[in-house]
Amino acid sequence: MDGSLDVRWIRGITNKSIEFVDNNTVCYRCGKNICFLNLETKQQRMLQSPGRGVGALTADGKTGTVAFSEEKLSPSIFVYIFPELQLKNELKGAAQLDFTSLTFSSGGTYLGCCSSLPDHTITVWNWESAEPICTQPHAGQDVISLVFNPLNWLQLCALGNTSLTVWNIEKSASFYVLKPSVIELPATDGSFVGKLETYCHTVSDKMPYFDLEMPPSAICGLMGDMAESCVTKLCTKARLTPSAICWMPASMLYVGCAEGFLLLVDPESRSVSVILNPTTGDSIPELQHSNFQGLTLNQKSLITIGKESVVHCVQIKTTQINITQTWQLEGPVTTVKSSPDYETLLFSSDTGQMYVVDPTRSYEVVKLQEVLSGNFVAAASSHTGTNICVSVKDSGVLQLWSADGVCLGSLSLKAEVTSLACCPIAQYAAVGTASGNVLFVDLNGEGRPRLVHRVHLYHTPVDHLVFDQEGYYLLTGASDPYIYVLDAKPSKMFSVIGYTVVPGPILSLSTQCIRDSKQVKVLALCTGQELTVLSLPTGDLSGSDCVDRHGCLSTQILKVSTYQVPHPLESCVLGVGEVFAYCQRRKTLQRFELPQDTDGLPSQQVVQLKPEQEVRGHPLGPASLMLSPHQLWLASAGRDGLLLVRETAHMERFIEVHCHSHRLGGVRSVSFSADSQTLVTAGFKDGSLVCTDLRIKGANAGKVNEATKYSQSMKDFLKNIFYTENPVLIDSPEWGQGSPAGSEKSEVSGGADAVEVTEQDESYNSQLSAPPPPATWLESRREAIIKEDNEQYSETKKNLRKTIKEFRDNIQEMMRENENLPDIDRLEQQEFNLDVEEQSRLEATVEQEVARVRDEVEWEIVAKCYLSDVFRRECWESMKVKGKAIKAFHSEQQVNNYPLKERTDKEVEDLHRVQTIRSIEKAACTQSRLKKSSNTGVKEEEQEEEGHVAESAALTGSFSAVLGCSNPYLYDQFHLQTTEQRINQMILLQDVIHCIKTAFNADFEVVYKRKVQELQRLKDRNRHIQGIMLELGVEEKLWEPGLSTSEQPERLLTVDDSEIKAEKYLTPEQMEEEERKKLEEQKHLAAKGNNVRDRALDDMMDGVLEVKKENILKMEIPPPEFVLTKPGIQRSEEEKKVFAEYEKKAKDLSEEKEKYKKSMENEMKKQHTSTRDATARFDETLATLFEKKLKSEMAIYQEELKITYLAYSILAEDEMRNRELRFKLQLEKTLAYKDEIRDEVKRHEEELKLFQESYDNTVAEDKVLDKEFRKGFCDVRSQVVDHLYKLFKSRPRVQKMRTQTDNSSKQCKVQRPCGSLAPDALVKMLKAMVELDAPENTPEGASPQIWEKFCLVRRAKVESEHKVKVKDLTLAEMHAFLQKRRDEDSAAQQEIKNLSAGLESLHKEKNLFLSDIMVQILLKQGQVEVFTTDLTVDYTDSVLSDRIEVENLNTTIRTLGEQKIDIMVKCKDFRQGITQLLWEHKMMEMQIEDLNTKARDIQRLRLSEEQRDYLNNTDRDKPVFQQTSILEKTLIFQEKTHLQSVEQRAKRIEQLNRQAAEKAEKSAALERRLPELRVAAAERTHACEALDSETKLADDTEERYRVIVETKHLEELARAQGDELTSLWAEVERLRKRSFPSMDQLKYN
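Residues numbered from 1 in each chain as written. Predicted model: local features only at pLDDT ≥ 70, side-chain atom pairs only at ≥ 80, totals over all residues. Heavy atoms only, no water.

### Structural notes on the overall build of the protein chain
Move 1: Secondary structure assignment for the protein chain yields 22 helices and 61 strands.
Move 2: Counting every position in the protein chain, which comprises 1645 residues, the buried fraction comes to 38%.
Move 3: Taking the intrachain contacts of the protein chain between residues at least 6 apart in sequence as the baseline, contacts between residues at least 24 apart amount to 57%. (Helix = DSSP H or I, 4+ residues; strand = E, 2+ residues; numbered from the N terminus. Buried < 20%, exposed > 50% of the residue type's maximum accessible area, 1.4 Å probe, protein only. Contact = heavy atoms within 4.5 Å.)

Shown next as structure tokens:
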């Protein structure tokens, strides 16, 4: 397909970055384009990015320059000139991923940019030459905006999220460097926070043991560069957050903060002053709640914007703020810009609204045409001949656009929109929302669209809305399988015809109207690989045979065909007998042919389709497809931002245009116009709407006419329908304001009551307590059907309920009668069930629920059992000694033991290791003590005494030795110097604590066993007492103590049956087992009851085989028989004797009973006394154990206090070590920085020296021109020469005039450095010189030739003077730059000194800390008992003192005590100082001795003259520098010499090559003559051999004679030279002895 896609217009705004290009034009980003909007004419121009998308954007209104970055890896920056829109330069290589900010210098040629991750580099470019002048990496981590100082481009302000930095560009000739100046902002309360000094350290005069002042970084153990920032964030107050900046004419900065503060910053001194503090009471009320989102200057006022929709014009004089003007806007704005001439103000909001104010003319706010921000959801062209375009945004705004891109009107639907479609038979659009509503919007009004109908179809978003080509139906689709068919005619009130169900969620929906067969075919893509084609007739479908009661379309009218494709598809579109689809997996476009004869196939049968054609698609998918109205062109738009158009007959060829950014999601939707020659695309997330024209070229140009003819034919075909339906649409009332007669039916079918236009969508305004969603059309229809059925069959249902009740009563009566029948006639209860299946179902349901509950309970029990096992294992079984207590019998006293765990292998290993180390150390100490002892020896008693002293010193500070738990390996407290010793001491002290606890636990176990024994004895006594009480018949409750739960904690881990109050649940199996056990027990008892032996034993001896002792208290003497029958008078003598014996026996028995009873009572009292005494003795033992527990606790606390001191000392030493490492690290960095600065200073000094020479040469050349002037005109008369010299010195007045013009111009003019002004100034000067060089200025007596020569000389003089001025300024810059570097070098040197001093003071404090060892000493404490008898009760002679005086006296005593302690500490330090001075004195004496030795060695050392000069010279760097410079000059000279020698060698090589060529020619000629020469040579050789044989003998004799004479001569010469050498050696030896010093004259001290 030959042609092109040309962008006609583009609308939208991507972000809030808006810049002035000139006084009347602003630019902003729209997708991958830059839009230019003229504020006066409202006309727009467009610039398409030459790269991939548009990133950061900036513009300079004074020069008309625009710069923007692209969105890709290693992006470039493009610089364009407005209004030509000509590309000036492309800047490459300043970022790896993206740019966060761009800025131009005011009216200059410099561009500042800041890159994002990973380097965060700030770069300043000269965009005219496309060269970076300076770069600073890792400088813009949080930079969101860069702004040049309008008066001085050498200052660049970087605004960050939480920081503010001014970067100064320092210049030296052609060398530039960025230097930061960080502005310290105040705290959030307005107070100024001091900088956290972390690299200074001072030694305190107080005792530093518990008062060590360490920085947080040392305490936390942080290292590296991030430690400083982390500590600063954690340990300082929260700072103000800068949100807007604005440069002042005096090179000061206004800074607005998000907290409402307004600050004034001086970048030179880094001072910050608070102009507005909203927290104070005297602040301006209008500005108290402003967060200063934008600041800009306008004339002499400051314009501020904040959260509210109010703009203030503020005038600031010193610290006073006055609001001179206030503008009220429709909504809040986020950006404010001032035009280059400072006459126009532009405000913009996040929603894209723009306002313009011209304070110089009027204070009226003018609202520009709305360029609303937000993302477009869809756009569609109207097919009714009005040539308009409709678009909707995700915020619910519907907009109408003309063919030229002018916004005709808008309507806020106040709902989240998801889809859009335009009707071909009436001027309206259907809009789908996220809540499942379909809205119908009338577009007939002149720029005033209105909502006329609404229908609720889904509970999910409406993803697809499609009209057929002739406007019969509107079809909808969503993420559920329902497709609704609506009547598209407004006369039918957009009624819902019905629905159908497809196999799955709908991914794509398209239609095709076949006029010949009067059918509308619908293609639905389901589940990716399944295509469903629905066929609908175009007739009336309102009959009952077409739609059932529930609204489902009948299979009689709806024909369904199902197809399956081999690969999953993303989208598809239906053509005439074919399907076009996009496959994301293969990234291809596919064409499928649909079978023609599918009417005879059943609807369930799936037909397999294979692609007939497959061509390359989009590189980045998925993509959406759209067929042109005349079905010949296919458009595809994907996430790559490309729009492809191709012919359906030749899909392999296409034309494309990159209309949207792929980084922002690419293209969301695409649509054709009615004539198929215009396409409208909506971006996914770039907020742009692009209209493109399709230009067909070449042989396919005729197809444009086909599209036009088809459009005209469709317009003619639908004309009558349009003229019928559109008036009905126009007459329709606005939704919610009234409805025609038939509206009630449509509302019922729509499933919603009358809803106002302002009703918002559910997803648009969701709340936490949202009401239930309204019913859909299908739900409303089903409810209506149910209501209708209930009304129709209400009487039948009533009769059925009555009959069922009678049946229930009869069955219940039969069940009651059945219970009274005999067993043989009684029926089972289940036989009365009329619905056995229902009962089974209910039982199964109950069983399932019971099983579920049982599973939950079982899992809960398992979880609790697991937790119980964990607790038991961790807190009980793991304890070697389990915790328990002993309680006293007669008091509440209780003593607990020490629970102990088993020592781990690591602890045992560490203990053995420390003990081994201590054994070795003690052995070594003993050995060294023996070696140091004198030869006479030391007495054993003294050694024992020393050992005892050492041992007592080791145990000082605790009672562990008193308890017998001392450890012989403990260190002496006064000898704990190293960290290793302290760690070992901690391990040994923990072992001592373990020994104390173990010893106490042993005593505890003894007492515990004693209590168990006492309890057992107590039980025995109580048993005996109970027997006595039983004999005596006394009822009294005995004291029976026992072990409590704390004494037997294992009882907590077991549960007795008595503790369970609930009845135990038994399963049927367990119940059967219980019944079986009961039966067995009953059988056993029955069998036991038939035992004859047992019965006889019970009858004769009460079941006991032993003879029991008779209880005397129960013995009774039976009276004689006659006592009851005869009175005393009637008894006989014998009976009287018997009665007397009876009385005597009774009296004796009574006495025996009394004696026995008294003995029993005494025995019982004795047992009670024994119990009381035994328990009291036990309580005394427990009290003794309690005292021992107190001593053990005291010893343990003392040992733990030692461990705490040792741990603190180790921690403090570690903190000091961290601090020392930080000092060393910073010192290394500072030294490295110092070396860099020194190298830079040397380099710039060399450059300055060279430039100074060049400057001197230029000045000398300029002076030479003055001197040579008269010599150049020596042939001219002196009068003329004098006149010419005056003209030679005269200059045009352009500079003065220019200065006056500059002073009278407006503010904010740019000051450039000398280098940038040099070409312009010279050009202007030379232009002004043209007037002076005019022939009419020729003096009298000067010929034209002389005048021309004079003009040339004067121009050369002017150029030379300008050159001198430029170099003079450059030299001043270089001097200033070098001085700054020297200052930095001095500052670095001072920093090194401070760090060294801090490190030295830290070493002193560390040594002081290590030498002052914390020793724990036990002090004897007690109380003085004062007897009350000796107290003074007579206060007559007493003096009453005020309590304040007593308190003052106590304060004085405490102060004097503290002073005494300080004096003692100072005395101790002074003694230590004396010891240290003695040590230093001794060290110095040793150093003196070493120096004297070295001096003697030096005197004996032989040094050369150069070595002596080197040692005597104090300035070591100067000779090195001189030598370096000499070597550099030598190197330069050698390089020149080398180059000259190379040139000479090259010339020599060329000469040799020429000679070699000549020789080669001669050799070739000789080679040709060689055979002839060989023959001649052979002939001459034979001839000469005959002649030489005669003369050879004579020549040999003469040669031998000559050799003999020469040899003799050489031997004589060697003999003479040997004698001379011997004499010379003797002279050398004599001279050497004379110059050497005499060793015997040296004297040693």
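### Details of the environment of Leu-457
Move 1: Inspection of the secondary structure puts Leu-457 in the loop between β37 (450-456) and β38 (462-467).
Move 2: A relative accessible area of 2% means that Leu-457 is categorised as buried.
Move 3: Considering only alpha carbons, one finds Leu-457 and Val-438, 19 residues apart in sequence, at a separation of 7.4 Å.
Move 4: Those residues within four positions of Leu-457 in sequence are excluded, and the remaining contacts are Gly-436, Val-438, Thr-476, Tyr-484, Leu-486, Val-496, Thr-776 and Trp-777.

### Some details on the sheet that holds strand β52 (residues 633-638)
Move 1: Spatial strand order, β51-β52-β53-β54: four strands in an open sheet with antiparallel pairing. Two strands bound the open sheet, and with one partner strand each, they are β51 (623-627) and β54 (654-658). Put simply, the sheet's adjacent strands are angled 20° from each other on average, direction ignored.
Move 2: Note that strand β53 (residues 642-647) and β54 share five bridges and pair antiparallel. (Pairing = 2+ DSSP bridges. Axes fitted to C-alpha atoms, helices over the stretch in contact; angles between N-to-C directions.)

### A few points about the packing of helix α15 (residues 1133-1272) against helix α19 (residues 1344-1411)
Move 1: The geometry of α15 relative to α19 is characterised by a closest axis approach of 6 Å and an angle of 165° between their N-to-C directions. By the criterion of interaxial angle, the relationship of α15 to α19 is roughly antiparallel. In terms of crossing hand, the pair formed by α15 and α19 is left-handed.
Move 2: Residues of the contact of α15 with α19, tallied by class, amount to 29 nonpolar, 15 polar and 23 charged. (Parallel < 35°, antiparallel > 145°, perpendicular 65-115°, else oblique. Left-handed = near helix turned anticlockwise from the far one by under 90°. Nonpolar A, V, L, I, M, F, W, Y, C, P; charged D, E, K, R; others polar.)

### A look at the confidence of the model for the protein chain
Move 1: Predicted confidence across the protein chain gives a mean pLDDT of 82, with 87% of residues reaching 70 or more.
Move 2: Segment residues 1102-1109: pLDDT under 50, and six contacts once partners within four positions in sequence are set aside and those in other chains are kept.
Move 3: Segment residues 1638-1645 is flagged for pLDDT under 50; beyond a separation of four residues in sequence, or across chains, it makes three contacts in the model. (pLDDT = per-residue confidence, 0-100.)

### Section: the pattern of salt bridges
For side chains of opposite charge, pairing can occur when their charged atoms come near one another.
Move 1: Enumeration over the complete set of coordinates arrives at 53 salt bridges.
Move 2: Lys-179 serves as the salt-bridge partner of Glu-1384, at 3.7 Å between the closest nitrogen and oxygen. Pair noted here: Glu-1384 is in helix α19 and Lys-179 is in strand β17 (residues 175-182), with a separation of 1205 residues, a long-range link. A single burial state applies to Glu-1384 and to Lys-179, both of which are buried.
Move 3: In this structure, the salt-bridge partner of Glu-614 is Arg-586, at a minimum N-O distance of 2.6 Å. Placement of the pair is Glu-614 in strand β50 (residues 613-616) and Arg-586 in the loop between β47 (578-583) and β48 (588-593), with a sequence separation of 28 residues. (Salt bridge = Lys/Arg side-chain N within 4 Å of Asp/Glu carboxyl O.)

### Quick look at the sheet that holds strand β36 (residues 437-442)
Move 1: With antiparallel pairing, the four strands of this open sheet are ordered in space as β34-β35-β36-β37. Two strands in the sheet have a free side with no partner beyond their single neighbour: β34 (417-422) and β37. With strand direction ignored, the average angle separating the axes of adjacent strands in the sheet is 20°.
Move 2: Bridge count for strand β35 (residues 428-433) against β36 is five bridges, and the pairing is antiparallel. Opposite Ala-429, over in β36, you have Val-441 as the bridge partner.
Move 3: The strands that helix α4 (residues 719-731) touches are β35, β36 and β37; relative to β37, the one it contacts most, it runs at about 95°.

### Digging into the pairing of strand β5 (residues 44-48)
Move 1: For strand β4 (residues 33-38) and β5, the ladder comprises five bridges, and the chain directions are antiparallel. Bridge pairing links Ile-34 to Leu-47 in β5.

### Brief notes about the side chain of His-630
Move 1: As for its placement among the helices and strands, His-630 is situated in the loop between β51 and β52.
Move 2: For His-630, a relative accessible area of 8% gives the class buried.
Move 3: Other than its neighbours up to four places away in sequence, His-630 contacts Ser-676, Ala-707 and Tyr-710.

### Section: the packing of α15 against helix α16 (residues 1278-1289)
Move 1: The interhelical angle for the contact between α15 and α16, taken along N-to-C directions, is 155°, at an axis separation of 10 Å. The angle between α15 and α16 falls in the class roughly antiparallel. Between α15 and α16 the crossing geometry is right-handed. For the pair α15 and α16, the contacting residues are Leu-1265, Asp-1266, Phe-1269 and Arg-1270 in the first and Val-1281, Asp-1282, Leu-1284, Tyr-1285, Phe-1288 and Lys-1289 in the second.
Move 2: Residues of the contact of α15 with α16, tallied by class, amount to six nonpolar, no polar and four charged.

### Some remarks on the packing of aromatic side chains
Move 1: Counted by the stated rule, this structure contains 27 aromatic pairs.
Move 2: On the numbers, 5.8 Å between centres and 80° between planes, the contact of Phe-175 with Phe-1377 is edge-to-face. Taken as a pair, Phe-175 in strand β17 and Phe-1377 in helix α19 lie far apart in primary sequence, 1202 residues in all.
Move 3: A ring pair is formed by Tyr-472 and Tyr-473, whose centres lie 6.4 Å apart and whose planes are at 45°; its orientation type is tilted.
Move 4: In textbook terms, an aromatic cluster arises when at least three aromatic residues are bridged by ring pairs, as seen for Tyr-458, Tyr-482, Tyr-484, Tyr-499 and Trp-777.
Move 5: Of note, Arg-1381 hangs over the ring of Phe-1377, and the distance from its end group to the ring centre comes to 4.4 Å. (Phe/Tyr/Trp six-rings, centres within 6.5 Å; stacked < 30°, edge-to-face > 60°. Lys NZ or Arg CZ within 6 Å of the ring centre and 35° of its normal.)

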